[in-house]
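One-letter residues, chain by chain:
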Amino acid sequence: MEKRINIKNKRARFDYEFLDTFVAGLVLSGTEIKSIREGKASISESFCDFNEKGELFVINMQVDLYSHGSHYNHQPKAARKLLLQKQELKKLGKAVKTSGITIIPLNLFINERGLAKVKIALARGKKEYDKRETIKDRDSKRTLDRVKKQHNN
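What comes next concerns the included structure. In this numbering scheme, every chain counts its residues from 1 along its sequence in written order. Selection of residues for local features in this predicted model requires a pLDDT of at least 70, selection of side-chain atom pairs for listing and counting requires 80 or more, and totals for whole chains, interfaces and linings are taken over all residues. Side-chain measures here rest on the full set of heavy atoms in the structure, leaving out hydrogens and waters.

1. Things to note about the overall build of the protein chain
Here comes step 1: A tally of helices and strands in the protein chain yields four helices and nine strands.
Here comes step 2: Put simply, DSSP marks the helices as runs of H or I at least four residues long and the strands as runs of E at least two long, and each gets a number from the N terminus on. Counting from the amino terminus, the protein chain carries its helices and strands in the arrangement β-α-β-α-β-β-β-β-β-α-β-β-α.
Here comes step 3: With the principal axes as the frame, the protein chain shows a C-alpha extent of 60 × 45 × 25 Å.
Here comes step 4: Residue pairs in contact within the protein chain that sit at least 24 positions apart in sequence constitute 67% of those at least 6 positions apart. Throughout, a residue-residue contact means that at least one pair of heavy atoms, one from each residue, lies within 4.5 Å.

Take a look at the structure:
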């Protein structure tokens, strides 16, 4: 029985407006993938950035140390390379050069073949009034659901 791993960045939807999404592979070592399969990873404070060679890396992603690892264990907050096609990398690079746009990971998951994948998004930061509007919409939906539930009983 295989446990489905789906680690989400819950804060991203509140802080950013998504423009486009991509699914990228991850270059991982043996102990990193084992730790992710145990569900011991976090992408809540991470972001993506290009290096001088034009390669895309996810930075500040926390992958806890593997419990049965030896002295060959990985670094918990190392930069990890993302695998995308050349056209996608060019599109992302061009978009990031424009002002106010960043690349953030939305969720980390294991696909049906057992490979670690990251869903990333081109995102623009929300203004404070947009965040207040999101909170207001969430509260109104919650009260509407509460009223519907009372009415059905």
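2. As for the pairing of strand S5 (residues 56-59)
Here comes step 1: Strand pairing is defined by DSSP finding a minimum of two bridges between the two strands. Pairing of strand S4 (residues 47-50) with S5, which is carried by four bridges, proceeds in the antiparallel orientation. Opposite Phe-50, over in S5, you have Leu-56 as the bridge partner.
Here comes step 2: Turn length for the S4-S5 hairpin, with the two strands adjacent in sequence and antiparallel, is five residues, and the turn residue Gly-54 shows positive phi of about 85 degrees.

3. Examining the pattern of salt bridges
Here comes step 1: Whenever Lys or Arg places a side-chain nitrogen within 4 Å of a carboxyl oxygen from Asp or Glu, that contact is recorded as a salt bridge. Per the counting criterion, the structure on display carries eight salt bridges.
Here comes step 2: Taking the shortest distance from any N to any O, the salt bridge between Asp-15 and Arg-11 comes out at 3.2 Å. In this pair, Asp-15 and Arg-11 are both assigned in helix H1 (residues 10-15), four residues apart and thus about one turn of the helix distant.
Here comes step 3: Residue Arg-142 is joined to Asp-139 by a salt bridge in which the shortest nitrogen-to-oxygen separation is 3.2 Å. With Arg-142 and Asp-139 both in helix H4 (residues 128-152) and three residues apart, this pair spans about one turn of that helix.
Here comes step 4: For Arg-142, a relative accessible area of 43% puts it in the partly exposed group.
Here comes step 5: For every residue, the accessible area obtained with a 1.4 Å probe (protein chains only) is divided by the maximum for its type, and the residue is called buried under 20%, exposed over 50%, and partly exposed between those limits. For Asp-139, a relative accessible area of 36% puts it in the partly exposed group.

4. Describing the nonpolar core
Here comes step 1: Within this scheme, the nonpolar core is defined by two criteria: the residues are buried Ala, Val, Leu, Ile, Met, Phe, Trp, Tyr or Cys, and they are joined through side-chain atoms within 4.5 Å. If you look at the biggest cluster of nonpolar residues, it comprises 27 residues, and the most contacted ones within it are Leu-26, Leu-56, Leu-82, Leu-84, Leu-92, Leu-108 and Ile-120.
Here comes step 2: At the level of secondary structure, the elements contributing two or more residues to this core comprise strand S2 (16-26), helix H2 (30-37), S5, helix H3 (86-97), strand S8 (101-110) and strand S9 (116-125).
Here comes step 3: Leaving out residues up to four positions away in the same chain, Leu-82 has contacts with Ala-24, Gly-25, Leu-26, Cys-48, Leu-56, Phe-57, Val-58, Val-118 and Ile-120.
Here comes step 4: Core analysis: the next-biggest nonpolar cluster, separate from the first, contains five residues, Ile-104, Leu-106, Ala-121 and Ala-123 among them.

5. Overview of the side chain of Thr-31
Here comes step 1: The residue Thr-31 is located in helix H2 in this model.
Here comes step 2: Relative accessible area serves as the criterion here: at 15%, Thr-31 is assigned to the buried category.

6. Overview of H3
Here comes step 1: Multiplying 1.5 Å by the residue count of a helix minus one yields the expected span of that helix. With twelve residues, H3 ought to run about 16 Å at 1.5 Å a step, and its terminal C-alpha atoms sit 17 Å apart, in line with that.
Here comes step 2: Buried positions along H3 lie against S2, S4, S5, S8 and S9.

7. Details of unusual backbone geometry
Here comes step 1: Backbone geometry places Asn-60, a non-glycine residue, at a positive phi of 75 degrees.
Here comes step 2: Along the chain, Asn-60 turns up in the loop between S5 and strand S6 (62-63).

8. Focus: the environment of Asn-9
Here comes step 1: In this structure, Asn-9 sits in the loop between strand S1 (6-8) and H1.
Here comes step 2: Asn-9 gets classed as buried once you look at its relative accessible area, which sits at 9%.
Here comes step 3: It is 8.2 Å that separates the C-alpha atoms of Asn-9 and Glu-45, two residues lying 36 residues apart in sequence.
Here comes step 4: Excluding anything up to four places from it in sequence, Asn-9 contacts Ile-43, Ser-44, Pro-105 and Leu-106.

9. What about a positive patch on the surface?
Here comes step 1: Together, Lys-8, Lys-10, Arg-13 and Lys-119 give the surface a local cluster of positive charge.
Here comes step 2: As for its position among the elements, Arg-13 is in helix H1. Patch definition: residues with relative accessible area over 30% and no salt bridge; like charges joined within 9 Å; nonpolar side chains (Val, Leu, Ile, Met, Phe, Trp, Tyr) joined within 5 Å. Areas reported here follow the Shrake-Rupley algorithm with a probe of radius 1.4 Å; residue values treat only the protein chains shown as occluding. Counting rule applied: Lys, Arg positive; Asp, Glu negative; His and chain ends not counted. Lys charges are placed at NZ, Arg charges at CZ, Asp charges at CG and Glu charges at CD.

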